[in-house]
Amino acid sequence: MQTRSILPFFPLAVLFLVLSCGCRESSLEAYYYPLDELREGLVYEYRSAGDTLDPPFYWYYRTLEQDGATFLTGMYYDQNFTPYQFTREEKVANGMLLVDYYLYENDSTGKQVQIPVEIEGGNLFSFEAPDPNTVLFYKIRFSTPSDPTTVNSLVRNRQFRSDTTYTYGGKTYDAAVFYVRELIDIEDEGHVEHEFDGLEIYAKGLGMVYFRKNVTESFITEYKLADRYTMEAFEKKFKPKLEEGD
């Protein structure tokens, strides 16, 4: 079986710096979501670190083994226990690579339909020694059944910025800060583009514990990891709402 790897690229303006980079040589693998711990599955609950009116959201992560490869699956749920995204990542030679992505949308009857997303650049996270001059390229494209003529694209560039520490659950963890730049492109008889930046923090043994998106000068989205628990606990948490829906 051919060994796969993520494919970072280097901005031309900083390419000459890579040869003389004095970055530390330790791997970042331990800072990503803990694949071994997630074999039974865990829900990550994220809550706003800024506006208390921003709703929480949840990711259910589970590690699977298939045909000799290791995959991390993720299902995104909103505050009403409604699934909206599904992802499948593959652990490759030097990081994590996005291999499947689906969105969910309600059709005219109220039934959820699955929307396949085209992955043009699936580089998610590098396990290699952190290098601020290396950029991980990520790009997806999709159209929805409710608006099939509009093509939506998201480009994300992620760069290691610095080491730090992060406190979660009363315990302080070693952590890594990443600078993120995103471009949203909406194509429908023309292009509407919006570019913004932000930060992400990954804590050793936990995965992503914080992110900030500077969407505009007056609109900043900021979330942090609030809790982790089993899917059984998650279902019990939403049981009253589900029963009300019946």
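Definitions and limits used
- Residues numbered from 1 in each chain as written.
- Predicted model: local features only at pLDDT ≥ 70, side-chain atom pairs only at ≥ 80, totals over all residues.
- Heavy atoms only, no water.
- Helix = DSSP H or I, 4+ residues; strand = E, 2+ residues; numbered from the N terminus.
- Buried < 20%, exposed > 50% of the residue type's maximum accessible area, 1.4 Å probe, protein only.
- Polar contact = N/O pair within 3.5 Å; in protein donor to acceptor, adjacent residues only side chain to side chain.
- Phe/Tyr/Trp six-rings, centres within 6.5 Å; stacked < 30°, edge-to-face > 60°.
- Lys NZ or Arg CZ within 6 Å of the ring centre and 35° of its normal.
- Patch = residues over 30% accessible without salt bridge, like charges linked within 9 Å, V, L, I, M, F, W, Y side chains within 5 Å.
- Areas by Shrake-Rupley, 256 points an atom, 1.4 Å probe, with all protein chains shown as cover.
- Salt bridge = Lys/Arg side-chain N within 4 Å of Asp/Glu carboxyl O.
- Lys, Arg positive; Asp, Glu negative; His and termini not counted.
- Charge placed at Lys NZ, Arg CZ, Asp CG, Glu CD.

(A) The arrangement of the side chain of Ser 126 in detail. Its place among the elements puts Ser 126 in strand 7 (residues 118–126). Look at Ser 126 and you get buried, because its relative accessible area is 18%. At a separation of 3.2 Å, a polar atom in the side chain of Ser 126 contacts the main-chain amide nitrogen of Glu 128.

(B) Structural context of the environment of His 194. The topology assignment puts His 194 in strand 11 (residues 191–203). The class for His 194 is partly exposed, based on a relative accessible area of 31%. In this structure the C-alpha to C-alpha distance between His 194 and Val 215, which are 21 residues apart in sequence, comes to 8.6 Å. Here Val 215 takes part through its backbone oxygen, which lies 2.7 Å from a polar atom of the side chain of His 194.

(C) Region of interest: the packing of aromatic side chains. Using the criterion set out here, one finds 27 aromatic pairs in the structure. Relative to Tyr 202, the ring of Phe 125 lies with its centre 4.9 Å away and its plane at 50°, an arrangement referred to as tilted. Residue Phe 125 is found in strand 7, and its partner Tyr 202 is found in strand 11; the two are separated by 77 residues along the sequence. Comparing Phe 125 with Tyr 202 shows no difference in burial state: the two are buried. Its guanidinium or amino end placed over the ring of Phe 71, Arg 88 lies 4.4 Å from that ring's centre, counting from NZ or CZ. We note Arg 156 situated over the ring of Tyr 138; from NZ or CZ to the ring centre the distance is 4.8 Å.

(D) Spotlight on a negative patch on the surface. Together, Asp 147, Glu 187, Asp 188 and Glu 189 line one region of the surface with negative charge. Tracing the chain through its elements places Asp 147 in strand 9 (residues 147–168).

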